[in-house]
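Chain and residue survey
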Amino acid sequence: MELIERFLKYVSFPTASDEESETTPSTARQLALGEYLAQELTALGLETAFDRAAGCVYGFLPANCDTDEAIGFISHMDTSPAAPGENIKPRVIDYDGGDIELGSGVVTREKEFANLKNYKGKRLIVTDGTTLLGADDKAGAAEIVTAVETLLATPDIKRKNIAVAFTPDEEVGRGTDNFDLNAFRTKEAYTVDGGALGELEYECFNAAAAKLTVTGVNVHPGSAKNIMKNAALMAADFIARMPAAETPAHTEGYEGFYHLCEMKGDEMNATLKWIVRDHDMAKFEARKAFMQNLTDYMNTVYGGGFALEMKDSYYNMRALIEDGHMNLIENAENAFRKAGAEPKIVAIRGGTDGAMLTYKGLPCPNLSVGAENFHGVHEFACVEDMHTMVQVIMHLASAE
Ligand SMILES: [Zn+2]
């Protein structure tokens, strides 16, 4: 099947994940695409396993030459719950600059999306303005399967052992919880889940979630003097002592932050939730220590009432990649150049499934897919760049 036809087929499956759900995968609709991908890999001739309980599809294609070398490629099947993901009506357009009228009165404006200027003269796949596109990450899936199909059709190209996997629930942070490293038969891989063509990522945040519970003392306001401890005001006092400029709205590049993402409260109880992020491990630990010290201090000031829970979510994969796996980065840079694209190493202000897999023991940098503006109606994929990504994956899989 041709790359774009395949991509449009994958996009026709609604696969939004769901943060609130406690099932695995978080939504049953992802399994329909999993089923389809498993059948497709089997039909191509790969050794295929579909772990329905985990929602993961694994495929393996042995080398066609005498080599032990192996490489893996991974993409996720779910789409972000942040925008509607059903009845996607994609449209391929010849883009010659200017604003793009998506439909339903929605316009992708050059003024707001400076990245559009990079696509003048190319073909773009856009939405009808009512849904996301799902190029995140079905473009990655289509590129991986097309690369494997092309390699099978051109046996003259000597290839390594190739493992592929398609995972659920990346968008809700649970993509690799049930990933089976034994079912995935290589020791190194790439996630194909990045943005604009050429992006190569092996550095992300260290991440933690912090929850502060404040317990007050409530009595009738008329007789509250020197008795009442208002939990809502105590919580506000805590916030006021946090570093005001160290938030997502005031930071960029390698600057870390505390992001207050929820607050609830009354006189008796208040709850505050933050996410804590920093690329640098020492600074990350210092951020968590700061919050704990502030909690202890507030307990001294108020005579108790503050309790902090913190849990690490994921870590920067850079140190682990640098420890013996920089070949993955060099190979990716070379593969991009051979395919005619300039590699650009970027530090992600977020995390990836690859970071989690790296910590599980599968070093896994992230490659671009050739699409942008993820998680909303302005998402688009570039036809030419997607074709280039197929070449990049083929170069990485080549044993020559
Ligand atoms: Zn993604």
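Residues numbered from 1 in each chain as written. Predicted model: local features only at pLDDT ≥ 70, side-chain atom pairs only at ≥ 80, totals over all residues. Heavy atoms only, no water.

1. Some details on the pattern of salt bridges
- Counted by the stated rule, this structure contains 18 salt bridges.
- Note that Arg6 and Glu40 form a salt bridge whose closest N and O atoms lie 2.8 Å from each other. Of this pair, Arg6 sits in helix H1 (residues 3-11) while Glu40 sits in helix H2 (residues 29-44), and the two are 34 residues apart along the sequence.
- The exposure class of Arg6 is buried, given its relative accessible area of 1%.
- Classification of Glu40 by relative accessible area gives buried; the value is 11%.
- For Lys288, the salt bridge is made with Glu285, and the minimal N-O distance between the two is 3.5 Å. Of this pair, Lys288 and Glu285 both sit in helix H5 (residues 281-302), three residues apart, roughly one helical turn.
- The exposure class assigned to Glu285 is partly exposed, which follows from its relative accessible area of 38%.
- It is possible to trace a salt-bridge network through shared partners that takes in Arg6, Glu40 and Glu149. (Salt bridge = Lys/Arg side-chain N within 4 Å of Asp/Glu carboxyl O. Helix = DSSP H or I, 4+ residues; strand = E, 2+ residues; numbered from the N terminus. Buried < 20%, exposed > 50% of the residue type's maximum accessible area, 1.4 Å probe, protein only.)

2. Some thoughts on the sheet that holds strand S8 (residues 161-167)
- Reading across the sheet, the eight strands line up as S1-S2-S8-S3-S9-S16-S10-S15 and stay open at both edges, with mixed pairing between neighbours. Because the sheet does not close on itself, it has two edges, and the strands there are strand S1 (47-51) and strand S15 (344-347). When the angles between neighbouring strand axes are averaged without regard to direction, this sheet yields 25°.
- As judged from the three bridges shared by strand S3 (residues 70-76) and strand S9 (residues 189-194), these two strands associate in the parallel manner. The residue of S9 that forms the bridge with Ile74 is Thr191.
- Sheet strands touched by H2: S1, strand S2 (56-61) and S8. Its angle to S1, the strand with the most contacts, is close to 165°. (Pairing = 2+ DSSP bridges. Axes fitted to C-alpha atoms, helices over the stretch in contact; angles between N-to-C directions. Contact = heavy atoms within 4.5 Å.)

3. As for the coordination of the zinc ion
- Only His76 (NE2), Asp136 (OD), Asp193 (OD) and Asp193 (OD) from the protein reach the zinc ion as donors, at distances of 1.9 to 2.8 Å.
- Taken in sequence order, the residues that donate to the zinc ion follow the motif H-x59-D-x56-D. Residue His76 is located in strand S3, and its partner Asp136 is located in helix H3 (residues 135-153); the two are separated by 60 residues in the primary sequence. Per residue, the accessibility class of His76 equals that of Asp136, and both read buried. (Donors = N, O, S within 2.8 Å, 3.2 Å for Na, K, Ca; no water.)

4. Observations concerning the sheet that holds strand S13 (residues 269-278)
- Read across the open sheet, the four strands follow the order S12-S13-S11-S14; overall the sheet is antiparallel. Every interior strand has two partners, whereas the edge strands, strand S12 (257-265) and strand S14 (306-314), have only one. Taken pair by pair, the neighbouring strands of this sheet meet at an average axis angle of 15°, ignoring direction.
- Here S12 runs beside S13; their pairing, made up of eight bridges, is antiparallel. The residue bridging Glu262 from the neighbouring strand is Lys273, located in S13.
- Helix H4 (residues 231-240) contacts strand S11 (206-215), S12, S13 and S14 of the sheet and is inclined by roughly 20° relative to S13.

5. Remarks on the nonpolar core
- If you look at the biggest cluster of nonpolar residues, it comprises 66 residues, and the most contacted ones within it are Phe7, Phe73, Phe166 and Leu367.
- Each residue touching Phe73, except ones within four places of it in the same chain, is listed here: Ile144, Ile162, Ala163, Val164, Ala165, Phe184, Ala189, Tyr190, Val192, Ile393, Leu396 and Ala397.
- Core analysis: the second largest hydrophobic core is formed by 20 residues, Val214, Met234, Trp274 and Val276 among them. (Core = buried A, V, L, I, M, F, W, Y, C linked by side-chain atoms within 4.5 Å.)

6. Things to note about the domain arrangement of the protein
- On domain assignment, one finds that the protein holds domain 1 (3-204 + 316-397) and domain 2 (206-313).
- Its C-alpha centre places domain 1 at a distance of 37 Å from the equivalent point of domain 2.
- Listed per partner, the contact involves eight residues of domain 1 and nine residues of domain 2.
- Across the domain 1 to domain 2 interface the summed buried area is about 630 Å²; carbon plus sulfur atoms make up 38%.
- Of all residues in domain 1, Glu203, Asn316 and Arg349 give up the largest surface area on contact with domain 2, accounting jointly for 68% of the area buried on that side.
- The tally of links from domain 1 across to domain 2 stands at zero salt bridges. (Domains from an automatic or database assignment. Buried area = accessible area lost by both parts, 1.4 Å probe.)

7. What to know about the environment of Glu400
- The topology assignment puts Glu400 in the segment after helix H9 (383-397).
- Relative accessible area serves as the criterion here: at 65%, Glu400 is assigned to the exposed category.

8. A short note on the side chain of Thr146
- Assignment of secondary structure puts Thr146 in helix H3.
- On the basis of relative accessible area, Thr146 is assigned to the buried category, the value being 8%.

9. So, the environment of Thr352
- Along the chain, Thr352 falls in the loop between S15 and helix H8 (353-360).
- Sequence-distant contacts of Thr352, that is, excluding residues within four places in its chain, are made with Met317 and Asn366.

10. Focus on H8
- Along H8, the positions that sit buried rather than exposed are Asp353, Gly354, Ala355, Leu357 and Thr358.
- Against S3, S8, S9 and helix H6 (318-322) lie the buried residues of H8.
- Phi for Gly361, located one or two positions after H8, is positive at around 115°.

11. Structural notes on unusual backbone geometry
- Backbone torsion omega between Thr24 and Pro25 reads -15°, so that peptide bond is classified as cis.
- With respect to the element layout, Pro25 can be found in the loop between H1 and H2.
- For the bond running from Asp136 to Asp137, omega is 15°, close enough to zero to count as cis.
- Residue placement: Asp137 occurs in helix H3.
- Backbone geometry at Asp169 places phi at a positive 60°, although glycine is not the residue there.
- As for its placement among the helices and strands, Asp169 is situated in the loop between S8 and S9.
- In this structure, His375 is a non-glycine residue whose phi angle is positive, near 75°.
- Inspection of the secondary structure puts His375 in the loop between strand S17 (371-372) and strand S18 (380-382).

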